Amino acid sequence: MFGPKTFYKKSLGSKVFDWLNFIFMLLFAFIMIYPFWNQLIVSFNEGVDTMYGNLYFWPRKFTFENYQYVFQRQNLAKGALISVLRCVVATVSSLFCTGLLAYVTTIKAFKGRKFMRIIFIITMYFSGGLIPTYLLYTKLGLMETFTVYWLPGLFGAYNMLLIGSYIAGLPESLAESARIDGASELKIYFKIIIPLCKPVFAALAVMIAVGHWNSWFDVLLYNSSGKWDTLQVYLRKILLQAEQAAKLQAEQKMYEAMKNLTTTSIRAATTMVVSLPILFVYPFFQKYFVGGITIGAVKG
Amino acid sequence: MFKKKDQTQKINAKKNTFKDLLKSFWIQKELWLICLVALVWVIVFCYVPMFGNWIAFFSYTPGKNIGNSTFVGLKYFSRFFSLPDVKQIMRNTLAISTLNLTIGFAVPIVFSLLLNELRNGYFKRFIQTVSYMPHFVSWVVVASLMFTLLGSDGILNDILLKLGLTKEAIPFLNKPNLFWGLITSANIWKGMGWSAIIYISAIAGVDGELYDAGSVDGLGRFGKAWHITLPGIANTIILLFILGIGNILSAGFEQQLLLGNTMTQETYEVIDTYVYRYGVQMGNYSFATAVGLMKSAFGFALVLIANKLSKKFTDMQLF
């Protein structure tokens, strides 16, 4: 893929550069991975022992205590369920609706095509801002509901353009012949467009789902009561408590049997629970999201 | 069957008259119905909040509407400039976003150029996969990692103590003078691999024959990177830079809320966190909307100017 590499003269300078580059990249990989590794060993180390520091590459007093404590809290299971539900509902509904809109706006014979595109493209450049949106959701009764997680993201102008440009690259005759056979547009969308658009749908699905999994501020803003807390918010609450370590330590005394726990170790275990699912999954979807970005770049 | 044919003929006639449009409401009613749903959604969730910005010009309290609120003109806009905090907020916003737009902007470019020089395909793929790992975790997770690494019993303090560089643990996250550096590092750590993807694909798009020609002309490795690869991705760089300039007043939001605390407030408070604090938490809706609106207008103007300048000097433009 990268043409030039075989043409370099293997001069001494070039070789030295190769080695330096290699070492630099190893160092780079270390900087990227180590913070996660550090958190992992802290999460498997006895909390009180962690406070003595000097924990570099391996847990000193190995324990499952931290995870036991974290999983025993019912909130966590509930938070995980809500997180997963949010990801699935929001991603599927958004892709279905945005894809349908993209399809409709690529039908050349459709009179409203340009109008719809412009109406949506305008929203890419102008938006309401935090306060008007907040006030609107209050008025619509979206506060403290699960709906607020998926309904405001049902259509997306940028994704509409991406899917649209993909559909425009498909042979027109497929939809046209189905139309002449009397198929409804929804049927064409289901039977022809969606199966053909799998690559672009997969790329966008990864991005949308990751966005929803990692989102926390909208939970704070629109679901402050804690009824629909996601995993991220759950972690953030522990994060805030860590700021007031003294206060929490007093609370910790209630858990007499778990006197080895500290806020740091509980936080580490929770962080791992929140981030590991995604860290395991993302390498397998690489080709999709790299593809997605490249489509966007060509388009933009 | 005959009717269908009739329909396609009508559409192919392509006379954009009003009559045709009216007819299409009936003939293409299924498409229009789908669009109706999308239209209702976009009006409610995009256009209503857009016009909801009217409260910046009125003295608004919840429950009121535009009819029974008093028009105050630009009162809230000028109030922002008379605040004692305004200098500090502007300074923080500009400092953090300037760091992002210089160092934070250059790092992914340098990284993608260096990555391009790696010869081993597997190693290259491994490095790239690792590079965007942090993009996939939330800022909450990044904040948690930083708390652990930089905390008083964290590893950084361990090393500093061992090397004798410091006598007692430094509470890095409570030091106002370290905040800009910390947040810039965090931004780079989290975003560089992801930002590099677009440059890497641009580098892959550079014509291979140019490199052959370069070899013939006696260009070395560095020469090729400088004279062929870099100019080859210059367009991408300029476009992204113009976009970045438009966001100069958006210096980040989640990371400030998570990493900042009362001790570092003097260096972390940026426009966005300020709007949140004053608008949502204290209920000064009109004032916070005015500040937010001013920010967007300024960003929009900056993009237009940057676009003009770029057109003039490099004949590259965004629109």
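All of these numbers come straight from a predicted model, not from anything done at the bench.

Regarding the nonpolar core
Part 1 of the reasoning: Core analysis: the largest hydrophobic core is formed by 162 residues, its most contacted members being A:Tyr103, A:Phe120 and B:Ile127.
Part 2 of the reasoning: Per-element tally for this core: the top contributor is helix α3 (residues 29-51) of chain B, with 12 residues.
Part 3 of the reasoning: When residues are assigned to domains, this core turns out to be shared by domain 1 (2-73) and domain 2 (78-314) of chain B, each giving three or more.
Part 4 of the reasoning: Not counting chain neighbours up to four residues away, the residues in contact with A:Phe120 comprise A:Leu101, A:Phe155, A:Ala157, A:Met160, B:Ala38, B:Trp41 and B:Val42.
Part 5 of the reasoning: B:Phe105, B:Leu113, B:Tyr199 and B:Ile237 belong to the second-largest nonpolar core, a separate cluster that totals 8 residues.

Some words on the side chain of A:Asp18
Part 1 of the reasoning: On the secondary structure map, A:Asp18 appears in helix α1 (residues 12-43).
Part 2 of the reasoning: Within the structure, the side chain of A:Asp18 is placed 2.5 Å from the side chain of B:Arg119, a separation counted as a polar contact.
Part 3 of the reasoning: When residues no more than four places from it in sequence are discounted, the contact partners of A:Asp18 are B:Glu117, B:Arg119 and B:Arg221.

Focus on the confidence of the model for chain B
Part 1 of the reasoning: Of the residues in chain B, 94% reach a pLDDT of 70 or more, and the chain-wide mean stands at 87.
Part 2 of the reasoning: Highest mean pLDDT in chain B belongs to helix α5 (residues 86-116) of chain B (95); lowest belongs to helix α1 (residues 2-13) of chain B (52).

Description of a nonpolar patch on the surface
Part 1 of the reasoning: Together, A:Leu27, A:Phe30, A:Ile31, A:Ile33, A:Trp37, A:Phe57, A:Trp58 and B:Phe126 line one region of the surface with nonpolar side chains, adding up to about 830 Å² of accessible area.
Part 2 of the reasoning: Looking at which element gives the most residues to the nonpolar patch, the answer is α1(A), with 5 residues.
Part 3 of the reasoning: Mapped onto the secondary structure, A:Ile33 falls in helix α1.
Part 4 of the reasoning: By relative accessible area, A:Ile33 is classed as partly exposed at 32%.

Quick word on the domain arrangement of chain B
All names here are of chain B.
Part 1 of the reasoning: Split into domains, chain B comes out as domain 1 (2-73) and domain 2 (78-314).
Part 2 of the reasoning: Once you take the C-alpha centre of each, domain 1 and domain 2 turn out to be 38 Å apart.
Part 3 of the reasoning: Taken together, the contacts link 8 residues of domain 1 with 5 residues of domain 2.
Part 4 of the reasoning: In total, domain 1 and domain 2 occlude about 530 Å² of area from one another, counting both sides; carbon and sulfur atoms represent 71% of this.
Part 5 of the reasoning: It is Asn53, Ile55 and Ala56 in domain 1 that bury the most area against domain 2; as a group they hold 65% of the surface buried on that side.
Part 6 of the reasoning: Our enumeration of links across domain 1 and domain 2 arrives at 0 salt bridges.
Part 7 of the reasoning: Put simply, domain 1 and domain 2 have 3 residue pairs in polar contact (both at pLDDT 80 or more) between them.
Part 8 of the reasoning: Classifying every residue of the side of domain 1 that touches domain 2 gives 6 nonpolar, 2 polar and no charged.

Examining the pattern of salt bridges
Part 1 of the reasoning: Per the counting criterion, the structure on display carries 11 salt bridges over all chains.
Part 2 of the reasoning: Linking A:Asp218 and A:Arg86 is a salt bridge whose minimum nitrogen-to-oxygen distance equals 2.7 Å. Taken together, the residues span a long stretch of sequence, with A:Asp218 in helix α12 (residues 217-222) and A:Arg86 in helix α4 (residues 74-104) at a distance of 132 residues.
Part 3 of the reasoning: Among the charged side chains, a network of salt bridges with common partners joins A:Asp18, B:Glu117, B:Arg119 and B:Arg221.

Some words on the interface of chain A and chain B
Part 1 of the reasoning: With 97 residues of chain A in contact, the opposing surface of chain B contributes 92 residues.
Part 2 of the reasoning: In total, chain A and chain B occlude about 8900 Å² of area from one another, counting both sides; carbon and sulfur atoms represent 74% of this.
Part 3 of the reasoning: The interface formed by chain A and chain B includes 2 salt bridges.
Part 4 of the reasoning: The partner of B:Arg119 in a salt bridge is A:Asp18, with the nearest N and O atoms 2.5 Å apart.
Part 5 of the reasoning: Here chain A and chain B share 24 residue pairs in polar contact (both at pLDDT 80 or more) between them.
Part 6 of the reasoning: Looking at the side of chain A that touches chain B element by element, the count peaks at 19 residues for α1(A).
Part 7 of the reasoning: Of the residues belonging to the side of chain A that touches chain B, the class tally is 66 nonpolar, 21 polar and 10 charged.

What about the packing of helix α15 (residues 263-281) of chain A against helix α7 (residues 139-150) of chain B?
Part 1 of the reasoning: The interhelical angle for the contact between α15(A) and α7(B), taken along N-to-C directions, is 145 degrees, at an axis separation of 10 Å. Once α15(A) is placed against α7(B), the crossing between them reads as left-handed. Facing A:Arg267, A:Thr271, A:Val274 and A:Ser275 of α15(A), the residues of α7(B) in contact are B:Val141, B:Ser144, B:Leu145, B:Phe147 and B:Thr148.
Part 2 of the reasoning: Its residues assigned to classes, the contact of α15(A) with α7(B) shows 4 nonpolar, 4 polar and 1 charged.

Procedures and definitions
In this numbering scheme, every chain counts its residues from 1 along its sequence in written order. Throughout, the order in which chains and ligands are written sets their labels, letters from A for the former and numbers from 1 for the latter. Under the rules for a predicted model, residues below a pLDDT of 70 receive no local features and side-chain atom pairs below 80 are neither given nor counted, while totals for whole chains, interfaces and linings still include all residues. Remark: hydrogens and water are excluded; side-chain values derive from all non-hydrogen atoms of the structure. For the purposes of this section, nonpolar cores are sets of buried Ala, Val, Leu, Ile, Met, Phe, Trp, Tyr and Cys residues that join through side-chain atoms within 4.5 Å. Partly exposed residues are those whose accessible area sits between 20% and 50% of the maximum for their type, while under 20% is buried and over 50% is exposed, using a 1.4 Å probe and protein chains only. A helix here means a DSSP run of H or I that spans at least four residues, while a strand means a run of E at least two residues long, and both kinds are numbered starting from the N terminus. In this document the domain limits rely on a domain assignment from an automatic tool or a database. In what follows, a contact means two residues having at least one pair of non-hydrogen atoms within 4.5 Å. The definition of a polar contact used here is a pair of N or O atoms within 3.5 Å, where within protein one atom must be able to donate a hydrogen and the other to accept one, and adjacent residues in sequence count solely through side-chain atom pairs. What pLDDT expresses is the predictor's confidence in each residue, scored from 0 to 100. Exposure above 30% relative accessible area and the absence of a salt bridge qualify a residue for a patch, where like charges join within 9 Å and nonpolar side chains (Val, Leu, Ile, Met, Phe, Trp, Tyr) within 5 Å. Values of accessible area rely on a 1.4 Å probe in the Shrake-Rupley scheme; residue burial ignores everything except the protein chains shown. When a carboxyl oxygen of Asp or Glu is within 4 Å of a side-chain nitrogen of Lys or Arg, the pair counts as a salt bridge. What gets called buried area is simply the loss in accessible area from a 1.4 Å probe that two parts show on being joined, summed for both. Here the nonpolar group is Ala, Val, Leu, Ile, Met, Phe, Trp, Tyr, Cys and Pro; Asp, Glu, Lys and Arg are the charged ones; every other residue, Gly included, is treated as polar. All axes are obtained by fitting lines to C-alpha atoms, using only the stretch in contact for helices, and the reported angles, taken between N-to-C directions, cover 0 to 180 degrees. By definition, any crossing whose near helix is turned counterclockwise from its far helix by less than a right angle is left-handed, and any crossing with a clockwise turn is right-handed.

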